[in-house]
Amino acid sequence: MRLEKFHGIIPAFYACYDDQGDISEARTNALCDYLHEKKVNGVYVGGSSGECIYQNLDERKAVLSYVANRLKGKMTLIAHVGAPSTRDSITLAKHAAELGYDALSAIPPIYFKLPDSSVYKYWNEIIEATPLEFIIYNIPQTTGYTLTTALFEKLLANPKVIGVKNSSMPTMDIERFKRVGGDNVVVFNGPDEQYVAGRIMGADGGIGGTYAAMPELFLQANEFFLQGKFEEAKRIQSCINDIIIALCSQNGSMYAVIKEVLNRRGVNIGGVRGPLEGISTEDLGRIDSIVTMIDEAVQEFCK
Ligand SMILES: CC(=O)N[C@@H]([C@@H](O)[C@H](O)[C@H](O)CO)[C@@H](O)CC(=O)C(=O)O
């Protein structure tokens, strides 16, 4: 199937900084190699987890280049090119197209509350800027904008629009988008806490911010789903949720905690950029327990 390359487990790629807080090519490569080794289906580069909102245009272009240079031909590559202005989004889109990304994606416009007509125009101008296919990014909790099924349907009139990454919390939204698009579109589950539920409601896979901290568990959850082992899928999701709650309950932001988890797992990608909070001394001991939770879950479920 044409869209099959977008199915499965697609981690949202993290920002990889050096010790001074600048984008690091070497650390970006290390994260690429780690995810390739884990056999994930693709990566979503430069989205929320990529801290795109805290990076300038040159930095975002550099990240897109480093990842493409390392992973092109090895897995599916999706470039998130949403930026405050249409102009910058198009610059990023053209750059991603030159690098051979498989698809583009973008959040709706941020900061000003704009009408549907402006959102439609924004996405369409990005879509028309390159030959690449496009995945809409619906994440109302951070953008304040909720994609309706009516606008989704209107966007799907353009054959370059192949799906939606849905990060809103109700799994019903996944069911509704799938209902509108059918087999010709790919719907990604966004909230990692309900990966299994999202799959049951019609998602073809997921793009998630915690996948890279525990790729084995999400790959296994996906396998359980595909094999129709719903009891096991429910149990692994429950374990994943305990881990996500722990990742989100520290003094440091979730991304800072995940980066330290990765560090303990042998991949140093630096810290986070302010205003995201870094980890505290108190967090360090608790992060040991989170790593243990992940290791034990991998032992239990991924034989
Ligand atoms: C609101 C939010 O950030 N949602 C995340 C989730 O993966 C989220 O990190 C996870 O479910 C933990 O709450 C993704 O849907 C977005 C994402 O991964 C990205 O664009 O990087």
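Residues numbered from 1 in each chain as written. Predicted model: local features only at pLDDT ≥ 70, side-chain atom pairs only at ≥ 80, totals over all residues. Heavy atoms only, no water.

A. Local environment of the overall build of the chain. Secondary structure assignment for the chain yields twelve helices and eight strands. The C-alpha atoms of the chain give 18 Å as radius of gyration, which agrees with the globular expectation for 303 residues (19 Å, within 12%). Overall size of the chain, expressed as C-alpha extent along the three principal axes, is 50 × 45 × 35 Å. Each of the 303 residues in the chain was classed as buried or not, and the buried ones make up 56%. For the chain, the proportion of contacts with a sequence separation of at least 24, taken over those separated by at least 6, is 72%. Put simply, the chain shows about 12800 Å² of open surface, and 51% of that area lies on carbon and sulfur atoms. Counting 30 positive and 37 negative side-chain charges, the chain places the centres of these two groups 5 Å from one another. (Helix = DSSP H or I, 4+ residues; strand = E, 2+ residues; numbered from the N terminus. Rg over C-alpha atoms; globule rule 2.2 N^0.38 Å. Buried < 20%, exposed > 50% of the residue type's maximum accessible area, 1.4 Å probe, protein only. Contact = heavy atoms within 4.5 Å. Areas by Shrake-Rupley, 256 points an atom, 1.4 Å probe, with all protein chains shown as cover. Lys, Arg positive; Asp, Glu negative; His and termini not counted. Charge placed at Lys NZ, Arg CZ, Asp CG, Glu CD.)

B. The arrangement of the confidence of the model for the chain in detail. In the predicted model, the chain carries a mean pLDDT of 97, and 100% of its residues have values of at least 70. The ipTM assigned to the predicted complex is 0.97, against a pTM of 0.98. (pLDDT = per-residue confidence, 0-100.)

C. Looking closely at the UniProt feature "binding site: pyruvate" (unreviewed entry) in the chain. According to UniProt, the "binding site: pyruvate" (unreviewed entry) feature falls on Ile 207. By relative accessible area, which is 0% here, Ile 207 ends up buried. If near-sequence neighbours (up to four positions away) are discounted, Ile 207 is found in contact with Ile 10, Ala 12, Tyr 44, Ile 78, Lys 165, Phe 188, Asn 189, Gly 190 and Asp 192. (UniProt positions renumbered as here; feature names shortened; annotations may be inferred.)

D. Expanded view of empty space enclosed by the protein. Enumeration over the complete set of coordinates arrives at one cavity of 30 Å³ or more. Counted as a void, the largest cavity has a volume near 80 Å³. Around the largest cavity, the lining residues are Phe 13, Ala 15, Val 45, Gly 46, Gly 50, Cys 52, Gln 55, Arg 60, Val 63, Leu 64 and His 80. (1 Å grid on protein atoms, 1.4 Å probe; cavity = no way out; pocket = protein on both sides within 12 Å on 5 of 7 lines; lining within 4 Å. Points joined across faces, edges and corners; volume = space filled by probe spheres on them.)

E. Seen up close, the packing of helix 1 (residues 25-37) against helix 2 (residues 57-71). Running from N to C, helix 1 and helix 2 point in directions that differ by 45°, and their axes come no closer than 9 Å. Taken together, the axis directions place helix 1 and helix 2 in an arrangement best described as oblique. As for how helix 1 packs across helix 2, the hand of that crossing is right-handed. Of the residues in helix 2, those touching helix 1 at Glu 25, Thr 28, Asn 29, Cys 32, Asp 33 and His 36 are Tyr 66, Val 67, Arg 70 and Leu 71. (Axes fitted to C-alpha atoms, helices over the stretch in contact; angles between N-to-C directions. Parallel < 35°, antiparallel > 145°, perpendicular 65-115°, else oblique. Left-handed = near helix turned anticlockwise from the far one by under 90°.)

F. Layout of the site of the ligand. For the ligand, the set of nearby residues contains 20 residues, the closest of which are Ser 49, Tyr 137, Ser 167, Glu 193 and Gly 209. Between the ligand and Tyr 137, the relevant distance is 2.5 Å, taken from an oxygen atom to a side-chain nitrogen or oxygen of the residue. The separation between an oxygen atom of the ligand and a polar main-chain atom of Gly 209 is 2.7 Å. Most atoms of the ligand, that is more than half of them, are within 2 Å of grid points of the largest pocket. Partitioning the shell around the ligand into residue classes produces eight nonpolar, nine polar and three charged. (Near = heavy atom within 4 Å. Polar contact = N/O pair within 3.5 Å; in protein donor to acceptor, adjacent residues only side chain to side chain. Sits in = over half its atoms within 2 Å of the grid points. Nonpolar A, V, L, I, M, F, W, Y, C, P; charged D, E, K, R; others polar.)

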